[in-house]
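Take a look at the letters that make up each chain.
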Amino acid sequence: MPTLGFLKKKKTKEHDQHSSNDNSPVTPTSAGGHKSSLTSTSANTLSSSNSSNKGGETMLVNHGGPQPTSAPRSAGQDAPIRSEGPAGPGMSGSADGSSIQSQTPGQTNGSSLQPSVTNSTLTQTSTTPNTARTTRGKYSLTDFDIKRTLGTGSFGRVHLVQSRHNQRFYAVKVLKKAQVVKMKQVEHTNDERKMLQKVKHTFLVTLWGTFQDSKNLYMVMDFVEGGELFSLLRKSQRFPNPVAKFYAAEVTLALDYLHEQGIIYRDLKPENLLLDRHGHLKITDFGFAKEVPDITWTLCGTPDYLAPEVVASKGYNKSVDWWSLGILIFEMLCGFTPFWDGGSPMKIYENILKGKVKYPPYIHPDAQDLLTRLITPDLTKRLGNLHGGSKDVMNHAWFAEVTWERLSKKDIDAPYVPPVQGGQGDASQFDKYTEETEQYGEHGPDPHGYLFKDF
Ligand SMILES: Nc1ncnc2c1ncn2[C@@H]1O[C@H](COP(=O)(O)OP(=O)(O)OP(=O)(O)O)[C@@H](O)[C@H]1O
């Protein structure tokens with residue numbers, strides 16, 4: 001049994017060895033839900049419509065195990081509010097010497113726009129294959145008021161910001177160029193921007209635009225208000241079978257979409273899964289996503305989630321995401337990852353290569369069957385990598401009651417609705433961080449600017 005170290009957030013990037021129109025303002029349409037409990041319903045959960053699934057048993061899960069020592073966020077307090085609309089942040093005409101680029105989608109992926117009962121209106125945006133946002137405009141720091149920090153990463157932090165044009169809230173990821181260069185992440189950072197610009201899917205975060213100044217890179221995204229799945233999982237210790245299934249099914253749809261686009265995600269973990277105001281998932285952090293038609297070799301990702309072929313520095317393909325899905329499902333069902341062992345990445349790698357997974361007795365047999373088929377080193381046997389592709393995963397018995405079509409339209413209630421009121425910049429679901437003291441937007445020498453021409 002792992003000790004409490006597994007409760008910590010898993011850091012990502014240090015393990016990489018590769019050097020390698022302004023839309024018109026929209027009036028808020030709804031306030032978010034206020035259910036703060038994790039609701040697990042019957043096995044029907046994943047096939048029920050929003051309108052019919054209101055009677056779930058309340059289960060803020062506590063399985064009697066150790067309380068987390070880190071990461072649990074304070075339960076969200078309702079806080080001042082407003083709502084995002086289907087519009088980008090709005091842009092100023094010019095920008096303090098920043099070089100800039102952004103997209104202005106005509107529509108968003110909708111999750112933050114409408115109450116879930118109107119989900120049928122989301123069909124097209126949710127499943128339509130990517131039509132890359134190509135409209136270019138200009139954002140700059142002067143377009144936003146920077147509010148608090150939502151999260152920190154290896155090279156910078158993510159801020160809640162408010163557009164000075166339409167007063168809506170967004171998340172801006174700020175990356176320090178010098179740090180990106182020092183950690184040999186130039187290619188990954190440019191890829192992140194490229195991949196996020198390309199994708200458009202209900203369960204993926206929307207990138208509205210990017211820009212840079214002499215020191216930093218900025219990525220303007222939707223503010224996903226409900227916090228990280230990681231926090232919910234640590235608070236809950238582990239999820240009941242139907243709850244894990246709900247999140248796994250949404251991730252499966254997102255992976256299916258990404259793989260269809262020729263993109264490997266490579267960084268699946270609860271820290272990168274955010275909940276929107278209705279409790280549906282949004283995958284964020286495309287720092288390791290890559291367009292790979294066939295095989296690639298880069299060692300990147302988070303130790304606990306790495307497939308053996310990645311650990312062994314072999315060439316690998318999209319199937320690494322299916323392996324990681326297995327690890328994610330395991331972690332959601334058990335509260336810890338299968339290869340975790342004392343916190344040392346080397347030990348974790350050893351365990352991954354040994355490939356022995358101990359399944360606790362409380363895991364549902366169908367779940368265990370799926371996990372053994374995903375967490376298998378044999379690529380000729382790994383589900384998702386076989387002839388049927390992602391459909392093999394979707395057709396597995398554990399997902400039997402999932403009505404994929406409805407799920408893709410978010411026409412199924414989420415098991416947990418974060419206690420936020422949408423659109424008001426309510427960041428109560430996020431940890432508090434010491435704020436950045438360094439001023440953004442300063443003029444000065446820009447020795448690394450040439451490396452980030454697309455920003
Ligand atoms: N669009 C968003 N809306 C709300 N919060 C966000 C958003 N994007 C990121 N965050 C928060 O910021 C955190 C860090 O973001 P992200 O993982 O993209 O940064 P990173 O620098 O790549 O991190 P790491 O180095 O750990 O991979 C996330 O875990 C999440 O809590």
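Residues numbered from 1 in each chain as written. Predicted model: local features only at pLDDT ≥ 70, side-chain atom pairs only at ≥ 80, totals over all residues. Heavy atoms only, no water.

**Q** When you look at the overall build of the protein in this model, what are you seeing that I'm missing?
**A** Looking only at helices and strands, one finds 11 helices and 12 strands in the protein. Residues classed as buried in the protein amount to 61% of the 455 residues present. Of the roughly 17300 Å² that the protein leaves accessible, carbon and sulfur atoms contribute 52%. (Helix = DSSP H or I, 4+ residues; strand = E, 2+ residues; numbered from the N terminus. Buried < 20%, exposed > 50% of the residue type's maximum accessible area, 1.4 Å probe, protein only. Areas by Shrake-Rupley, 256 points an atom, 1.4 Å probe, with all protein chains shown as cover.)

**Q** What am I meant to see in the side chain of Lys282 here?
**A** Mapped onto the elements of the fold, Lys282 is located in strand E11 (residues 281-283). For Lys282, which is buried and forms no salt bridge, the nearest opposite charge comes from Asp222, at a distance of 5.3 Å. Within polar-contact distance, the side chain of Lys282 engages the backbone oxygen of Thr202 at 2.8 Å. (Lys, Arg positive; Asp, Glu negative; His and termini not counted. Salt bridge = Lys/Arg side-chain N within 4 Å of Asp/Glu carboxyl O. Polar contact = N/O pair within 3.5 Å; in protein donor to acceptor, adjacent residues only side chain to side chain.)

**Q** Got a minute to help me understand the packing of helix H5 (residues 241-260) against helix H7 (residues 319-334) in this structure?
**A** Any two packed helices are characterised by the angle at which their axes cross and by the distance between the axes. One can describe the packing of H5 onto H7 by two numbers: an axis separation of 10 Å at closest approach and a directional angle of 165°. Classified by the interaxial angle, the pair formed by H5 and H7 is roughly antiparallel. Crossing of H5 against H7: the hand is right-handed. Contacts from Asn241, Ala244, Tyr247, Ala248, Val251, Thr252, Leu255, Asp256 and His259 of H5 reach H7 at Asp321, Trp322, Leu325, Leu328, Ile329, Met332 and Leu333. Tallied by class, the residues present in the contact of H5 with H7 amount to 11 nonpolar, three polar and two charged. (Axes fitted to C-alpha atoms, helices over the stretch in contact; angles between N-to-C directions. Parallel < 35°, antiparallel > 145°, perpendicular 65-115°, else oblique. Left-handed = near helix turned anticlockwise from the far one by under 90°. Contact = heavy atoms within 4.5 Å. Nonpolar A, V, L, I, M, F, W, Y, C, P; charged D, E, K, R; others polar.)

**Q** Help me understand the environment of Phe430 in this model?
**A** Positionally, Phe430 belongs in the segment after helix H11 (404-408). Residue classification places Phe430 among the buried residues on the basis of a relative accessible area of 7%. As a C-alpha pair, Phe430 and Pro240 span 190 residues in sequence and 23 Å in three-dimensional space.

**Q** I'm lost on the pairing of strand E4 (residues 144-152) in this one. Help?
**A** Within a regular strand, side chains alternate between the sheet's two faces. As defined by bridge partners, E4 adjoins strand E5 (residues 156-163) across six bridges and the pair is classed as antiparallel. Bridged to Thr152 within E5 is Arg157. From the end of E4 to the start of E5, which pair antiparallel, there are three residues. (Pairing = 2+ DSSP bridges.)

**Q** Sorry if this is basic, but what is going on with the UniProt feature "domain: AGC-kinase C-terminal" (unreviewed entry) in the protein here?
**A** According to UniProt, the "domain: AGC-kinase C-terminal" (unreviewed entry) feature falls on residues 400-455. Each end of residues 400-455 is marked by a C-alpha atom, and these two atoms are 43 Å apart; helix forms 9% of the span and strand 0%. (UniProt positions renumbered as here; feature names shortened; annotations may be inferred.)

**Q** How should the packing of H7 against helix H9 (residues 365-374) be read in this particular structure?
**A** Running from N to C, H7 and H9 cross one another at 145°; their axes reach a closest spacing of 8 Å. The element H7 and its partner H9 pack so that their crossing is left-handed. Here H7 contributes Trp322, Trp323, Leu325, Gly326, Ile329, Phe330 and Leu333 to the contact with H9, which in turn contributes Ala367, Leu370, Leu371 and Leu374. Looking at the contact of H7 with H9, its residues break down into 10 nonpolar, one polar and no charged.

**Q** Just to check I follow, could you spell out helix H3 (residues 186-198) for this structure?
**A** Every α-helix winds through 3.6 residues per turn, so residues three or four apart in the chain are directed the same way. Between its first and last C-alpha atoms H3 spans 18 Å; for 13 residues at 1.5 Å apiece the expected length is 18 Å, and the two agree. For H3, the tally of buried residues reaches 11 of 13 residues, placing the bulk of the element in the interior. Of all the residues in H3, the buried ones are Val186, His188, Thr189, Asn190, Asp191, Glu192, Arg193, Met195, Leu196, Gln197 and Lys198. (Expected span 1.5 Å × (residues − 1).)

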